[in-house]
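Working through the structure, step by step
Residue strings, one per chain:
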Amino acid sequence: MNYPYIPHTDEDVRAMLDFIGVSSIEELFSSIPVSARSSLNIPESRDEFSVFKQLKEISEMNNSLEDYAVFLGAGVYKRYVPTVVYDLAMKPDFLTAYTPYQAEVSQGTLQALFEYQTMVCELTGMEVANASMYDGATALAEAALMSFRLTGKEKVVVARSVHPEYRAVLRTYLEKRGFTVVEAGYDETGRVLLEEVDEETAAIAVQYPNFFGIIEDLDYVRSRSGNALLIVVVEPVSLALLEPPGSYGADIVVGEGQSLGLPMWFGGYSLGIFATREEYVRQMPGRLIGQTVDQAGNTAYTMILQTREQHIRRARATSNICSNHAHAALIAAVYMSVMGPDGLKEVARRSYNAAHYLQERLEEIGFKLCFSGEFFNEFVFNVPEDYPDRWRKMMEKKILGPLPLEEFYPELGDTALACATEVISKEDIEKLLEAMK
Amino acid sequence: MKMKKYTKTHEWVSIEDKVATVGITNHAQEQLGDVVYVDLPEVGREVKKGEVVASIESVKAAADVYAPLSGKIVEVNEKLDTEPELINKDPEGEGWLFKMEISDEGELEDLLDEQAYQEFCAQE
């Protein structure tokens, strides 16, 4: 049967079969065992209208987070994304999974990625940023590997206040390869507590604000890091208000870029941010887009420093990442452009204010803060023993409540991590308080 | 003791007493094209014969440089940081890469003399 969207005519098919010397399509696939062919239980073809109707019925069984009051952050954040962001980012011209090797046909994508890199540098206070990694966790692991290449050492100290899943990914990446991961604890402020690092340590990794929402004192961290490199995990929107890690002498800045215009999806895809100092660029993993001029002297963009990458350097490449998250980076670039520096600051400030108001209201009904350090838009507070059950029940009332922490930090006892972003209203907060009582 | 030897991986080695100066050959330089960056080893590093000690990036490729002998790196050509093109201009002179203190003179026997190297290049 012919379909208008399958371009091969009967004559085309005949010509191809004749060329390879096969009499029919059936003969072409004759090497596939009959048992394998007949085991595909595919129903008869149906018309588009009825398929669409059925799929719609299935999709309506989903819960949409749009309908929920979300107090769960922990690395992924519900934000409002202006519609223009997706009008631009979803233009078919941009929708390709392929890396733009061919600069002559990819100027739009390359320019967007170049702008993305520039904006990441501005936010983090660093000199060079790559065109993206998979996500925040793998970006941290890649940062540790980069610190080993730079220093020739094989140990990284990671704060326990770094996202627990990031630490798990870090161990997966490093330990089987013979590298050492050591954890540093935290004090009653919720900030990292560091011993003076030894000479075997390649890098110290902290999160800013950390997993508990607490703003780390990067001056203190730098003062304890000795000759080790400083890796800082960031939440990019917070950097619209906070002093960027680059000002504190960070060597590598990584983070999860989901909150820059990406929806929460169903656990991904997301966006790994990766920035460093220019002097380290040759040990940086990932694609890098540069600005240059073409033959006619016009501004043009192209991939640069590709000798770091595995299609040139094979086994000795700086990373085995071959596909990056170019489209996610493009969405982030459009989001940041639409918001502008003032818009991002407003998002950050509203998130901060909403979280602090939430904390005050919780305190009023008896929920005490767990740490004394200054927090950004997340905080840990003490909860009753039965909270995890209540947390699950809240979902029926369309509340995604603060995350129970016992699984991740048994030493903290009954606690939860609350989050508020710019989309949280007073009504949402009252709804949560009612459910918490 | 003073002599100049070559490797099948296209390094030249100029030996004077216990110190060997190492670079890439004119033939290697021609194959690579314009050199844009050189990654040199750290002074003091102990290396084994055959280990990757440096890498050279040209406009068309990245090539690893292997230690022709075992020993300790005692000096690197810092001029290459700002003038990597010296490798193209004068590969077997000003474009040297690093000097090393040889730890096993027995390994010298595995190196090629000039005639053997030329023959090797002609065959390749």
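From a predicted model like this one, the values you see are computed outputs, not experimental measurements. (Residues numbered from 1 in each chain as written. Chains lettered and ligands numbered in written order. Predicted model: local features only at pLDDT ≥ 70, side-chain atom pairs only at ≥ 80, totals over all residues. Heavy atoms only, no water.)

1. Overview of the sheet that holds strand 11 (residues 378-382) of chain A
Residue and element names in this part refer to chain A. Short version of the rule: By the convention used here, strands pair only if DSSP detects at least 2 bridges between them. A run of DSSP states H or I qualifies as a helix once it reaches four residues; a run of E qualifies as a strand once it reaches two. Both are numbered from the N-terminal end. Contacts are assigned to residue pairs with any non-hydrogen atoms lying within 4.5 Å of each other. Note on geometry: axes are lines fitted to C-alpha atoms, helical ones only across the stretch in contact, with angles between N-to-C directions running from 0 to 180 degrees.
Ordered by their spatial adjacency, 3 strands build an open sheet running 11-14-13, and the pairing between neighbours is antiparallel. Among the strands making up the open sheet, the edge pair consists of strand 11 and strand 13 (403-404). With 2 bridges joining them, strand 13 and strand 14 (residues 415-419) adopt antiparallel strand pairing. Residue Pro 404 lies in a different strand from strand 14, and its bridge partner there is Ala 416. Contacts from helix 11 (residues 326-364) reach strand 11 and strand 14 within the one sheet, and its direction differs from that of strand 11 by about 10°.

2. Side note on unusual backbone geometry
So the rule is basically this: When accessible area is computed with a 1.4 Å probe and restricted to protein chains, residues below 20% of their type maximum are described as buried, those above 50% as exposed, and intermediate ones as partly exposed.
Residue Pro 209 of chain A is bonded to the preceding Tyr 208 of chain A through a cis peptide linkage, with omega at -5°. Considering the arrangement of structural elements, one finds Pro 209 of chain A in the loop between strand 5 (201-208) and helix 9 (218-224). A positive phi angle, close to 50°, is found at Leu 305 of chain A, a residue other than glycine. With respect to the element layout, Leu 305 of chain A can be found in the loop between strand 10 (299-303) and helix 10 (310-313). Given the relative accessible area of 24%, Leu 305 of chain A is considered partly exposed. If you check the backbone angles, His 10 of chain B has positive phi at about 70° while not being a glycine.

3. A look at the side chain of Ser 225 of chain A
All names here are of chain A. Stated precisely, the cut-off is as follows: Identification of polar contacts relies on pairs of N or O atoms within 3.5 Å, with a donor-acceptor requirement for protein atoms, meaning one able to donate a hydrogen and the other able to accept it, and with residues adjacent in sequence counted only if both atoms are side-chain atoms.
Note that Ser 225 resides in the loop between helix 9 and strand 6 (229-234). Polar side-chain contacts of Ser 225 include one of 2.9 Å to the backbone oxygen of Arg 222. Other than its neighbours up to four places away in sequence, Ser 225 contacts Val 197 and Ile 204.

4. Regarding the environment of Leu 113 of chain A
All names here are of chain A. Looking at the secondary structure, you find Leu 113 in helix 6 (residues 107-124). Between the C-alpha atoms of Leu 113 and Gly 297, which are 184 residues apart in sequence, the distance is 21 Å. Beyond its immediate stretch of four places on either side in the chain, Leu 113 contacts Ala 131, Ile 289, Ala 326, Ala 329 and Leu 330.

5. Comments concerning the interface of chain B and chain A
For the record, the criterion: Two parts placed together each lose some accessible area under a 1.4 Å probe, and adding up what both lose gives the buried area. The salt bridge criterion pairs a side-chain nitrogen of Lys or Arg with a carboxyl oxygen of Asp or Glu, the two atoms within 4 Å. Each residue gets one label: Ala, Val, Leu, Ile, Met, Phe, Trp, Tyr, Cys and Pro are nonpolar, Asp, Glu, Lys and Arg are charged, and the others, such as Gly, are polar.
Contacts between chain B and chain A engage 8 residues on the former and 6 residues on the latter. A combined buried area of about 690 Å² lies between chain B and chain A, and 42% of that area is made up of carbon and sulfur atoms. Broken down residue by residue, the surface that chain B buries against chain A is led by Tyr 37, Glu 57 and Ala 62 of chain B, which jointly contribute 52%. Our count for the chain B to chain A interface comes out at 1 salt bridge. Of the charged contacts in the structure, one is a salt bridge between Glu 57 of chain B and Arg 282 of chain A, with a shortest N-O distance of 2.6 Å. Inspection of the chain B/chain A interface yields 1 residue pair in polar contact (both at pLDDT 80 or more). At the level of secondary structure, the elements contributing two or more residues to the side of chain B that touches chain A comprise strand 4 (35-39), strand 6 (52-58) and strand 7 (62-66) of chain B. Broken down by element, the side of chain B that touches chain A gets its largest block of residues, 3 residues, from strand 6 of chain B. Among the residues forming the side of chain B that touches chain A, the class breakdown is 4 nonpolar, 1 polar and 3 charged.

6. Topic: the sheet that holds strand 9 (residues 98-102) of chain B
The pairing of strands in a sheet comes from backbone hydrogen bonds and takes either a parallel or an antiparallel form. All names here are of chain B. Pairing is antiparallel in the open sheet, where 6 strands are placed in the order 1-2-3-9-8-5. Lying at the two open borders of the sheet, with one neighbouring strand each, are strand 1 (2-6) and strand 5 (46-47). Where strand 8 (residues 71-76) and strand 9 come together, 5 bridges link them in antiparallel fashion. In the strand pairing of strand 9, Gly 71 is matched with Ile 102.

7. With respect to the domain arrangement of chain A
All names here are of chain A. This is how the line gets drawn: Domain delimitation follows an automatic or database domain assignment.
For chain A, the domain assignment lists domain 1 (1-30), domain 2 (63-79 + 338-434) and domain 3 (83-333). Centre-to-centre, using C-alpha coordinates, domain 2 lies 26 Å away from domain 3. Taken residue by residue, the interface counts 31 residues in domain 2 and 31 residues in domain 3. A combined buried area of about 2,600 Å² lies between domain 2 and domain 3, and 69% of that area is made up of carbon and sulfur atoms.

8. Here's the deal with the packing of aromatic side chains
All names here are of chain A. The line we're drawing: Note on aromatic pairs: the rings of Phe, Tyr and Trp (six-membered ring only in Trp) are paired at centre separations within 6.5 Å, and the planes decide the class, stacked below 30 degrees, edge-to-face beyond 60, tilted for the rest.
The tally for this structure, following the rule as stated, stands at 16 aromatic pairs over all chains. Measuring from ring centre to ring centre gives 5.3 Å for Trp 265 and Tyr 269, while their planes differ by 40°; the resulting arrangement is tilted. On the accessibility criterion, Tyr 269 (32% relative accessible area) is partly exposed. Of the aromatic side chains, those joined through ring pairs into one cluster are Tyr 186, Phe 211, Phe 212, Phe 371 and Tyr 409.

9. Structural notes on the UniProt feature "domain: Lipoyl-binding" in chain B
To keep things clear, this is the line we draw: UniProt positions are given in the numbering used here, feature names are shortened, and annotations may be inferred rather than shown by experiment.
Feature annotation in UniProt places "domain: Lipoyl-binding" on residues 19-101 of chain B, given in this structure's numbering. Along residues 19-101 of chain B one finds 18% helix and 42% strand; the C-alpha atoms at either end are 5 Å apart.

10. Thoughts on a nonpolar patch on the surface
Note the following rule: Exposure above 30% relative accessible area and the lack of any salt bridge qualify a residue for a patch; like charges then connect within 9 Å, and the nonpolar side chains Val, Leu, Ile, Met, Phe, Trp and Tyr within 5 Å. Note that accessible areas follow from Shrake-Rupley with a 1.4 Å probe, and for residues the cover is restricted to the protein chains shown.
Together, Phe 19, Ile 20, Ile 25, Leu 28, Phe 29 and Ile 32 of chain A give the surface a local cluster of nonpolar side chains, amounting to about 610 Å² of exposed area. Checked against the element boundaries, Ile 20 of chain A lands in helix 1 (residues 10-20).

11. Concerning the UniProt feature "modified residue: N6-lipoyllysine" in chain B
As recorded in UniProt, the sites labelled "modified residue: N6-lipoyllysine" are Lys 60 of chain B. In this structure Lys 60 of chain B touches Gln 31, Leu 32 and Gly 33 of chain B, once residues within four positions along its chain are discounted.

12. Some remarks on the packing of helix 12 (residues 387-394) of chain A against helix 13 (residues 426-436) of chain A
Residues and elements named next belong to chain A. Definition in use: The cut-offs work like this: below 35 degrees is roughly parallel, past 145 is roughly antiparallel, 65 to 115 is roughly perpendicular, and the gaps in between are oblique. Take the far helix as your reference; a near helix turned counterclockwise from it by less than a right angle gives a left-handed crossing, and one turned clockwise gives a right-handed crossing.
Two elements in contact, helix 12 and helix 13, have axes whose closest approach is 10 Å; the angle formed by their N-to-C orientations is 135°. By the angle between their directions, the pair helix 12 and helix 13 is classed as oblique. Crossing hand, helix 12 versus helix 13: right-handed. Contact residues: Tyr 387, Arg 390 and Met 394 in helix 12; Leu 432, Ala 435 and Met 436 in helix 13. A per-class count over the contact of helix 12 with helix 13 returns 5 nonpolar, no polar and 1 charged.

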